[in-house]
Amino acid sequence: MHYSEGAYWRPLFEQTEAMLQVAQGCSHNKCRFCTMFKGSAFTISPEDEVRADIMELAQSSWKDPDRVFLTGGNAFCLPMQRLRETIEGIRASMPKVHTIGCFARIEDVGRKSDEELRELARLGVSDISIGAESGLDDALTFMRKGHTAADIIEQCGRLDEAGITYDLFYLAGIAGAGRYEENVRATVETFGKTSPKRIMIHTLTLFPGSPLKEAIENGAFVPSSETDILRELRLFVELMQNETFLLGAHIGNTAPFNALVPQQREQVLEYLDARIANADEERLAHFRSHLKSM
């Protein structure tokens, strides 16, 4: 298999699925907080490599997959013809595959026509993972996400109309110190106008080489305290009105949890209340500073 550096990054719920690399890097690669693909140019995998990897997956004895995850920072950005040919190749070689997942950016969805989205749905594309991160426009602008809250609502609405299910990322701490309540309320309002199957919760973490480091050093951005991150998560769970699954067991979260809301809301709030009451800021900060990757 032709797996490059970063090819193994995928959502937690995709960890057991077969992977097919169709691109390397991220076509945007401008987000201040992200170091996943810094220093590497975005490239689409050669067609012969993809065909060879499809055949290798089909002949592999370890698994007879029913779902394939297309790797790359945002594989959904591939031209429609390449996506179509790749998915048709997968399904011809692996008849049991009936769904296809990948990472996507909001702007990737916007560049696909309504008919192309409907065709992708017919081809089995589902549960695509989108880095929405927040519904607070100035935080999105500062972090150079390339979309607004209105864009999230519009493009998720188009996915709903086309029949493509999706999952949204929420990045706790993205608004900085003292702004967690504002960020949560804006995000809950924005996400409330969409219908994500899952909301995947990550926490803003600074790694070497991050463009955000310079902003912190010059005072343009002040990170939230670890205790405020816990308060942010609690408020997010409390106010979330979507009926969805919160996937918050990521390694970067100091209070990991998974929960179906609203059904499990109260027990998660009790758990987070206990974590807040016993929060040791120094210990939590030490934990975050020693994370090597997400």
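Here, the structure is the one placed above.
Draft legend 1. Highlighting the overall build of the protein. Helix and strand counts for the protein come out as eleven helices and ten strands. Dimensions along the principal axes, computed over C-alpha positions, put the protein at roughly 55 × 40 × 35 Å. For the protein, with 294 residues in total, the buried portion stands at 52%. Partitioning the contacts of the protein with sequence separation of at least 6, the portion at a separation of at least 24 is 79%. Only carbon and sulfur atoms are counted for the fraction: they give 50% of the accessible area of the protein, which is about 13100 Å².

Draft legend 2. The arrangement of the state of the cysteines in detail. Applying the stated rule across the entire model yields zero disulfides. There is no disulfide at Cys26, and the cysteine sulfur nearest it, in Cys31, is 6.5 Å away. Sulfur of Cys34: no disulfide; nearest cysteine sulfur belongs to Cys31 and is 6.2 Å away. On the basis of relative accessibility, which here comes to 18%, the residue Cys34 falls in the buried class.

Draft legend 3. Fine view of the packing of helix H2 (residues 80–93) against helix H4 (residues 114–122). For the pair H2 and H4, interaxial distance at closest approach is 11 Å and the crossing angle is 10 degrees. The angle between H2 and H4 places the two elements in the roughly parallel class. Each of Met80, Leu83, Arg84, Ile87 and Arg91 in H2 lies in contact with H4, whose residues at this interface are Glu116, Glu119, Leu120 and Arg122. Residues that form the contact of H2 with H4 fall into these classes: four nonpolar, no polar and five charged.

Draft legend 4. Examining the nonpolar core more closely. The biggest cluster of nonpolar side chains holds 61 residues, and the ones touching the most others in it are Leu70, Ile128 and Phe236. When near neighbours in sequence (up to four residues on either side) are disregarded, Phe236 contacts Tyr170, Val184, Thr187, Val188, Phe191, Ile199, Ile201 and Leu246. Among the nonpolar cores identified, the runner-up in size contains 14 residues, and Cys34, Ala139, Leu212 and Phe221 belong to it.

Draft legend 5. Main features of the pattern of salt bridges. The tally for this structure, following the rule as stated, stands at 20 salt bridges. Arg67 is paired through a salt bridge with Glu14; the nearest N and O atoms lie 2.6 Å apart. Of this pair, Arg67 sits in strand E4 (residues 67–71) while Glu14 is found in the segment before strand E1 (18–21), placing the two residues 53 residues apart along the sequence. The two residues Arg67 and Glu14 agree in class, both being buried. Note that Asp114 and Arg158 form a salt bridge whose closest N and O atoms lie 2.8 Å from each other. Highlighted residues: Asp114 in helix H4 and Arg158 in helix H6 (residues 149–162), separated in sequence by 44 residues. Through salt bridges with shared partners, one network takes in Asp127, Asp167, Lys197 and Arg198.

Draft legend 6. Structural detail: helix H10 (residues 265–277). Here H10 contains 13 residues, and its C-alpha end-to-end distance of 18 Å stays within 8% of the 18 Å for a straight helix at 1.5 Å per residue. Buried within H10 are the following residues: Arg265, Val268, Leu269, Leu272 and Ile276. Across the axial projection of H10, the buried residues extend over an arc of 100 degrees, all falling on one side. The exposed set on the far side of H10, more than 90 degrees from its buried face, consists of Glu266, Gln267, Glu270 and Ala277. Buried residues along H10 sit against helix H9 (226–239) and strand E10 (257–261).

Draft legend 7. Region of interest: the side chain of Ser134. Locating Ser134 in the fold gives a position in the loop between strand E6 (128–133) and helix H5 (137–142). Classification of Ser134 as buried rests on a relative accessible area of 0%. Here Asn183 takes part through its side chain, which lies 2.6 Å from a polar atom of the side chain of Ser134. For Ser134, the residues in contact, after removing those within four places along its chain, are Leu140, Ile152, Ile174, Asn183 and Thr187.

Draft legend 8. Region of the structure containing the sheet that holds strand E5 (residues 99–104). Strand order in this open sheet of eight strands is E1-E4-E5-E6-E7-E8-E9-E10, and the pairing throughout is mixed. Looking at strand neighbours, the two that pair on one side only are E1 and E10, the edges of this open sheet. Shown here is a sheet whose adjacent strand axes are inclined to one another by a mean of 25 degrees, direction ignored. Sheet topology note: the E6/strand E7 (residues 166–172) ladder contains four bridges and is parallel. Residue pairing for E7: Ile128 is matched across the bridge by Tyr166. Helix-sheet contacts for H9 involve E7, strand E8 (198–203), strand E9 (244–248) and E10, and the interaxial angle to E7 is about 145 degrees.

Draft legend 9. Main features of the pairing of E6. By the criterion of burial, E6 is predominantly enclosed, with six of the six residues buried. The alternating pattern of E6 places Ile128, Ile130 and Ala132 on one face and Ser129, Gly131 and Glu133 on the opposite face, and all of these are buried. As defined by bridge partners, E5 adjoins E6 across two bridges and the pair is classed as parallel. Counterpart to Ala104 in the pairing with E6 is Ile130.

Rules and cut-offs
Every chain's residues receive numbers from 1 upward, in the order its sequence appears when written. For this predicted model, a pLDDT threshold of at least 70 governs which residues receive local features, and a threshold of 80 or more governs which side-chain atom pairs are given and counted, while totals over whole chains, interfaces and linings are taken from all residues. Here the side-chain values reflect all heavy atoms present in the structure, with hydrogen atoms and water set aside. Only DSSP runs of H or I with at least four residues qualify as helices, and only runs of E with at least two residues qualify as strands; both kinds are numbered from the N terminus onward. Relative accessibility thresholds used throughout: buried, under 20% of the residue-type maximum; exposed, over 50%; partly exposed, between the two (1.4 Å probe, protein chains only). By definition in these notes, contact holds between two residues if any of their heavy atoms fall within 4.5 Å. For the area figures, the Shrake-Rupley method with a 1.4 Å probe applies, and any residue is considered shielded solely by the protein chains shown. The disulfide criterion used throughout: a pair of cysteine sulfur atoms within 2.5 Å. Orientation is described by axes fitted as lines to C-alpha atoms, over the contacting stretch for helices, and by angles from 0 to 180 degrees between their N-to-C directions. Throughout, the term roughly parallel applies to angles under 35 degrees, roughly antiparallel to angles over 145, roughly perpendicular to angles from 65 to 115, and oblique to all others. Under the grouping applied here, Gly and all other residues not named as nonpolar or charged are polar, the nonpolar ones being Ala, Val, Leu, Ile, Met, Phe, Trp, Tyr, Cys and Pro and the charged ones Asp, Glu, Lys and Arg. Here, nonpolar core refers to any group of buried Ala, Val, Leu, Ile, Met, Phe, Trp, Tyr and Cys residues whose side-chain atoms link them within 4.5 Å. For this document, the term salt bridge refers to a Lys or Arg side-chain nitrogen within 4 Å of an Asp or Glu carboxyl oxygen. How far a helix is expected to stretch is found by multiplying one less than its residue total by 1.5 Å. Within this analysis, the arc is defined by the directions that extend from the helix axis to the C-beta atoms. N or O atoms within 3.5 Å of each other form a polar contact, as long as, within protein, one can give a hydrogen and the other can take it, and as long as residues adjacent in sequence are counted only when both atoms are side-chain atoms. A pair of strands counts as paired when DSSP detects no fewer than two bridges linking them.

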